[in-house]
Amino acid sequence: MSYDPVDVLNAFAARHGITYPLLSDAGSATIRRLGMLDEDLERHHAEFGIVTRDDQRGVAYPGVFLVDRDGVVVTKRFHKNYRIRDTGAGLVDAVLGIPATERGVETTAPGGVVRARLSFESPAYRPYQRLQLAAVLTIEPGWHVYAAPVPEGYTALSLEITPVSGLEVGTTAWPEPRPFRLEGLEERFLVHEGTIRGTAPVTFAFAPDSGTQIVRAALRYQACSTSQCLPPVEMRFELVIPEMPRAE
């Protein structure tokens, strides 16, 4: 839904090959009723060195409502300013838990009992776009990795992305671990087994024409079985992701 009139949306859809309906809310009546009006537009524009024009007033915060089959809003996702956007594939992944059928930028790291793959859902980024960085771990049968929190002396599974100015990283979400205990030990553990997938939201808050970016990440874990515990491991990854060309 946009505050743009129908003719503007028609031209936008034609330019980008969009075949599904776009909703025009000229006058922003529905945007106001939903509480989505960006009432700080001048301040948000000033962050990017833009002077607000009168025809830009009425714009909504970028947001998504997830509605169930009964028409009930079950999830709302909003960003801090109008420029940040999710990709379609990343949004479906984040709110519905359905991974993209095709991966974009990807890198892998073989390990002993754990293999890992990191990937974005897009082959390139757009300025201020949010992508989902997915980490897929395949753990050999009979082994597990520890999930946080862990007793002192053990290493929990974690994904850390190297800070870069302009790169905004959210919290990594991992599947629910299961409880685990070893006979003779008082400590209680949480563990992951089999194939698991975690995701971290990464916003490319770069100005247009910033060019190719390099995302560096470190995956840390400790793999154990019921009879053996291996030393902690750190896998390092590097993903090179270009900027998507501007639409003509």
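Residues numbered from 1 in each chain as written. Predicted model: local features only at pLDDT ≥ 70, side-chain atom pairs only at ≥ 80, totals over all residues. Heavy atoms only, no water.

**Digging into the state of the cysteines**
Between two cysteines, a covalent bond joining their sulfur atoms is known as a disulfide.
Then, in step 1: Inspection of every chain in the model, using the stated rule, returns one disulfide.
Then, in step 2: With its sulfur 1.8 Å from that of its partner, Cys224 forms a disulfide with Cys229. With the S-S dihedral at roughly 60 degrees, the linkage between Cys224 and Cys229 falls on the right-handed side. (Disulfide = S-S within 2.5 Å.)

**Focus on the pattern of salt bridges**
Then, in step 1: For the structure on display, the rule yields 13 salt bridges.
Then, in step 2: Here Arg220 makes a salt bridge to Glu234, at a shortest N to O gap of 2.6 Å. Pair noted here: Arg220 is in strand S13 (residues 213-221) and Glu234 is in strand S15 (residues 233-241), with a separation of 14 residues, a long-range link.
Then, in step 3: What makes Glu234 partly exposed here is its relative accessible area of 39%.
Then, in step 4: Across the pair Glu234 and Arg236 runs a salt bridge whose closest N-O atoms are separated by 2.9 Å. (Salt bridge = Lys/Arg side-chain N within 4 Å of Asp/Glu carboxyl O. Helix = DSSP H or I, 4+ residues; strand = E, 2+ residues; numbered from the N terminus. Buried < 20%, exposed > 50% of the residue type's maximum accessible area, 1.4 Å probe, protein only.)

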